Amino acid sequence: MNQQNTAVAADPEVGSSAEPQVDTGAGLPVDAELLQLLTPAGVRVETPENAAYRERVAHLDADALRGLYRDMVLTRRFDDESTSLQRQGELGLFPQSLGQEAAQIGSGRALSPQDYVFPSYREHGVAHTRGLDLADILRQFRGVDHGGWDPEEHNFHLYTLVIGSHTLHATGYAMGVQRDGLVGTGDPAKDTAVVTYFGDGATSQGDVSEALVFAAVNNAPLVLFCQNNQWAISEPTTKQSRVPIYQRAHGFGVPSVRVDGNDVLACYAATAEAIERAHSGGGPTFIEAYTYRMGAHTTSDDPTRYRTSEQEAVWRRRDPIDRLRLLLEAEGAWDEQWAADLAAEGDALGERLRTFVRGLGRPSTESMFEHVYATEHSVVTAERQWFEEYEASFADDGASRTHDQHGGAR
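Predicted, not measured: the structure shown is a model, and the values here were computed from it.

Draft legend 1. How the structure looks around the nonpolar core. Core analysis: the biggest nonpolar cluster contains 65 residues, and I137, L265 and L324 have the highest contact counts within it. Not counting chain neighbours up to four residues away, the residues in contact with L265 comprise L37, L38, R44, V57, L60, L65, L68 and L327. One finds Y116, V183, I245 and V254 within the second-largest nonpolar core, a separate group that totals 22 residues.

In structure tokens form, the structure reads like this:
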């Protein structure tokens, strides 16, 4: 499964021994490691090696392709609006997914309704595919909620800010699904997979290695989806791994594939294959989606300190949204009225996000103690009681001072 193909050519402006060489139209040698079904020029890639993957996207007609395009456009509009809101002081922080839309939408749309997702903190596109109202994500970054949505309603867990820890949660959940008899039944409405998303930096954490160990030896129905956006904050992937990241899964006995993360069709196909394996009882799969974080790590980061505008320009030419638009135009599936309606839908989303965020009230301070554990916890209860008494002491002190000002004894 690691013998993936593409028509991808070397780019003199990027690349290392651990990085695939990607097509910029230079006509340079092909990298055989990277699965690609759609070039940056919007041309379908057809080789004997990728035939099985092409079959997995053959059912995606013009309407479906426009749907994928719509998903990516709305995800980016959400990203842009949220970044602007943070710059205006309406959000405390925001992690952009700019440039990673194909990896998220392609993989997210390949999932079945019963599949369960454990995201990190920038999977806005995946959240969209699971039916989550994107506005709810901003509750956390506004600082008014621990998460902002019910995970069970969308089979989409809360964002996890601790790097890599959620891969263990996902592995445990997948082992539970397996023990509940929800894999290998042959019933497409019953068989369940678990998908966890994380970045290249998370693979340097021990939690991810432990997740791979448990997933492998238990044959858990788990898809480990690594969005390699090439920067763990300011550290490049080349300072995290001596080999391509997907190859690290081999040592754990986990099948793996490296896919062009800016190719929505390839991401869909690779994820569909992994989901099928998990549903059937075939165990875990590791997917490395090779992409690029076009924005900052978060809005508190300054990427100009560790990368060049020339590097960003190279990847801007590989924009996942532009790539799909070129395909739609080439195949006669582009519709100007539809595109205008989509632009209006994006404007409406932006207006709704601004209104929603500015209308969020301030939660009570005591709410920080709510939903910490599923059941009552003695330590949390004691801390809540102490905090309430502490807060009340200020009110009592204020009343005493007021009494003094009116001549009363203290």
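Draft legend 2. Examining the packing of aromatic side chains more closely. Following the criterion strictly, the structure yields 20 aromatic pairs and no others. When the ring of W231 is compared with that of Y306, the centres are 5.1 Å apart and the planes differ by 50°; the resulting orientation is tilted. Within this pair, whereas W231 is found in strand 5 (residues 231-232), its partner Y306 is found in the loop between strand 8 (285-290) and helix 10 (309-316), the two being separated by 75 residues in sequence. Through successive ring pairs, a cluster of aromatic residues spans F78, F94, F141, W149, F156 and Y159. Above the face of the W315 ring, R318 is positioned so that its terminal group lies 4.1 Å from the ring centre.

Draft legend 3. A look at the packing of helix 2 (residues 62-87) against helix 12 (residues 336-358). At a minimum axis distance of 9 Å, the contact between helix 2 and helix 12 shows a crossing angle of 35°. Relative to helix 12, helix 2 is oriented so that their crossing is right-handed. Together, R66, Y69, R70, V73, L74, R77, F78, E81 and L85 of helix 2 and W338, L342, E345, G346, D347, L349, G350, L353, R354, V357 and R358 of helix 12 make up the contact between the two elements. For the contact of helix 2 with helix 12, the per-class residue count stands at ten nonpolar, two polar and eight charged.

Draft legend 4. How the structure looks around the side chain of T171. Positionally, T171 belongs in helix 7 (residues 165-179). Residue T171 is classed as buried on the basis of its relative accessible area of 2%. Apart from the residues within four sequence positions on either side, T171 is in contact with A211, F214, A215 and L222.

Conventions we followed
For every chain, the first residue of its written sequence is number 1, and the numbers climb from 1 along that sequence. Reporting in this predicted model follows two pLDDT cut-offs: at least 70 for local features of residues, and 80 or more for side-chain atom pairs to be given and counted; totals over whole chains, interfaces and linings ignore these cut-offs and use all residues. As a convention, hydrogens and water are excluded, and side-chain values are obtained from all of the structure's heavy atoms. Throughout, nonpolar core names a set of buried Ala, Val, Leu, Ile, Met, Phe, Trp, Tyr and Cys residues whose side chains join them through atoms within 4.5 Å. Residue exposure (1.4 Å probe, protein chains only): buried if accessible area is under 20% of the type maximum, exposed if over 50%, otherwise partly exposed. The contact rule is simple, with two residues in contact once any of their heavy atoms fall within 4.5 Å. Between rings of Phe, Tyr and Trp, where Trp is taken as its six-membered ring, a pair exists when centres lie within 6.5 Å; planes separated by under 30 degrees are stacked, by over 60 edge-to-face, and by other angles tilted. Helix numbers and strand numbers start at the N terminus; a helix is a DSSP run of H or I with at least 4 residues, a strand a run of E with at least 2. Consider the ring centre and the ring normal. A charge sits over the ring if Lys NZ or Arg CZ is within 6 Å of that centre and within 35 degrees of that normal. Angular values range over 0 to 180 degrees, each being the angle between N-to-C directions of two axes fitted as lines to C-alpha atoms, with helices fitted over their stretch in contact. For any helix crossing, the convention is left-handed if the near helix is rotated counterclockwise from the far helix by under a right angle, and right-handed if that rotation is clockwise. Gly is placed with the polar residues, together with every amino acid not listed as nonpolar (Ala, Val, Leu, Ile, Met, Phe, Trp, Tyr, Cys and Pro) or charged (Asp, Glu, Lys and Arg).

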